[in-house]
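# Structural characterization, general
For reference, the chains in residue letters:
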2 protein chains.
Amino acid sequence: MTGWLKVVGLGPGAEAMVTPEVSAALAEATDVVGYVPYVERVPPRPGLTRHGSDNREEIRRAEQALRMAANGRRVVVVSSGDPGVFAMAAAIFEALEAGEPAWHALDIQVLPGISAMLAASARLGAPLGHDFCCINLSDNLKPWALIEKRLRLAAEADFAMAFYNPRSRARPEGFARALQVLREACGPQRPIMFARAVSTPEETVRVTTLGEAQPEMADMRTLVMVGSSQTRRIERDDVPWVYTPRSTSGSEL
Amino acid sequence: MTGWLKVVGLGPGAEAMVTPEVSAALAEATDVVGYVPYVERVPPRPGLTRHGSDNREEIRRAEQALRMAANGRRVVVVSSGDPGVFAMAAAIFEALEAGEPAWHALDIQVLPGISAMLAASARLGAPLGHDFCCINLSDNLKPWALIEKRLRLAAEADFAMAFYNPRSRARPEGFARALQVLREACGPQRPIMFARAVSTPEETVRVTTLGEAQPEMADMRTLVMVGSSQTRRIERDDVPWVYTPRSTSGSEL
């Protein structure tokens, strides 16, 4: 048996957002590897072994997946959203580079998924419709000073912004500091959006301003977006539409 | 008949990357609206009218789609990639805000797709695996000075970068200037990636450095990515893997 490794994105939650190529990879797999709640999204079947592991176990999990593929297994590593955005693809290549030389000859593919960022953006309209940036607010893997520097430069560049991992029980104060930096840099009227568990039964979506935003509006499952100076809001019966126009005169220069 | 409007992403090209919810919307549509080559990706069938229009016709196309939905049609507006990333979703909301008040009550949904950026990133490994930004290099809809300012600030923030619309026949010189700005800001050794028509039969992928990059390496169908200071390259028989590690010590501060 010839092994392979596919690093796939399951999308934000809804089955209807899983691409056919990802479904096909899961149907051919002998082993599925990932964080427990994501592995549980893959139904059990005969011939499939599911290997769920804890959060923050990414490198050990990546090594396990590479080793199984080298041993002839057909291994799918699952991430929520897209595997290339703060997820397992980078961990796989870190483990590959540091690992056994034979792993370099493995058949590896990364299959993209609908990212949480783009699912949240679609739910709200088109807040990322112009130039934007995407920042992981967790300081587990980088110093807080770098996050703060990036927030200030992103505001100066007038990017729309998408934030992953805004808040966790282990770091309750970080997101409050991020909001303070953004309020100083963008002003209190700037729109901010909280999109939690988009496309799942637990979905909640809220649009407010930096002046009104509270740290408690986000948790680990929330994708946060902040508009650029050009971002607009259209009221309706549901949560308002938010969009960033495609064009700008450059008045923000 | 109750009309609706769905603004959908067809992904980068491969049918296997079209999500089931987008396929279902296309199966229920009476009308498909979009740029000619994207509309042609939807096979003709009885009961479906395909409305292809030229590039740079986005607002007129958006108004046409909103009007048809208001008249009871089931309208799908198609974009390549994701509709929220430099595509039709922002144009629809611009037209909605400026248009007839009755349109505000329309049933509108945006269905995300696999963006060109994330398909290209997957093809190459995980170059966007840490904080990144996404910039449209076309100066059709914004002044060049704003693009250049964003490039310099993105380099200072040490983002990985994804660039849409790097080069067109109408603006052959812009991309050469962008490369010069990036070389000055990031140095000649920084990896740059050219991913053309990813997931289609015409796919070509190239990894080089800013020092070696030539403007002719990109055309209208090329997604360009530049690594951060932390981005790494793993050689193999195919085009090298490129990834940006999840963690950083902050030495780039």
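The rules behind the values
Residues numbered from 1 in each chain as written. Chains lettered and ligands numbered in written order. Predicted model: local features only at pLDDT ≥ 70, side-chain atom pairs only at ≥ 80, totals over all residues. Heavy atoms only, no water. UniProt positions renumbered as here; feature names shortened; annotations may be inferred. Axes fitted to C-alpha atoms, helices over the stretch in contact; angles between N-to-C directions. Helix = DSSP H or I, 4+ residues; strand = E, 2+ residues; numbered from the N terminus. Parallel < 35°, antiparallel > 145°, perpendicular 65-115°, else oblique. Left-handed = near helix turned anticlockwise from the far one by under 90°. Contact = heavy atoms within 4.5 Å. Nonpolar A, V, L, I, M, F, W, Y, C, P; charged D, E, K, R; others polar. Buried < 20%, exposed > 50% of the residue type's maximum accessible area, 1.4 Å probe, protein only. Pairing = 2+ DSSP bridges. Buried area = accessible area lost by both parts, 1.4 Å probe. Salt bridge = Lys/Arg side-chain N within 4 Å of Asp/Glu carboxyl O. Polar contact = N/O pair within 3.5 Å; in protein donor to acceptor, adjacent residues only side chain to side chain.

An unreviewed UniProt entry lists chain A under the name Precorrin-3B C(17)-methyltransferase, from Litchfieldella rifensis. The record in UniProt for chain A states the following under Pathway (unreviewed entry): "Cofactor biosynthesis; adenosylcobalamin biosynthesis."

What follows deals with the packing of helix α6 (residues 144-156) of chain A against helix α7 (residues 174-186) of chain A. Residue and element names in this part refer to chain A. The geometry of α6 relative to α7 is characterised by a closest axis approach of 9 Å and an angle of 25 degrees between their N-to-C directions. Between α6 and α7, the angle is such that the two are roughly parallel. Crossing handedness for the pair α6 and α7: right-handed. In this structure, α6 uses W144, E148, L151, R152 and A155 to contact α7, whose residues at the interface are G174, R177, A178, V181, L182, E184, A185 and C186. Of the residues contributing to the contact of α6 with α7, the split by class is eight nonpolar, one polar and four charged.

Burial runs high along strand β7 (residues 132-136) of chain B: five of the five residues are buried. Here β7(B) shows no split at all, with B:F132, B:C134 and B:N136 on one side and B:C133 and B:I135 on the other all buried. With three bridges connecting them, strand β7 (residues 132-136) of chain A and β7(B) associate as antiparallel partners. The residue of β7(B) that forms the bridge with A:C134 is B:F132. As judged from the five bridges shared by β7(B) and strand β8 (residues 160-164) of chain B, these two strands associate in the parallel manner.

This part is about the environment of A:M88. Residues and elements named next belong to chain A. Mapped onto the elements of the fold, M88 is located in helix α4 (residues 88-98). C-alpha separation for the pair M88 and E58, spaced 30 residues apart in sequence, amounts to 6.9 Å. Each residue touching M88, except ones within four places of it in the same chain, is listed here: V7, E58, R61, A62, V77, V78, S79 and P83.

Now for the interface of chain A and chain B. Listed by partner, the interface residues are 70 residues for chain A and 70 residues for chain B. Taken together, the two surfaces of chain A and chain B that pack against each other cover about 6,200 Å², and 64% of this comes from carbon and sulfur. Where chain A meets chain B, there are ten salt bridges. Summed over the shared surface of chain A and chain B, the number is 26 residue pairs in polar contact (both at pLDDT 80 or more). Per-element accounting of the side of chain A that touches chain B gives the leading share, seven residues, to α4(A). Grouping the constituent residues of the side of chain A that touches chain B by class yields 39 nonpolar, 14 polar and 17 charged.

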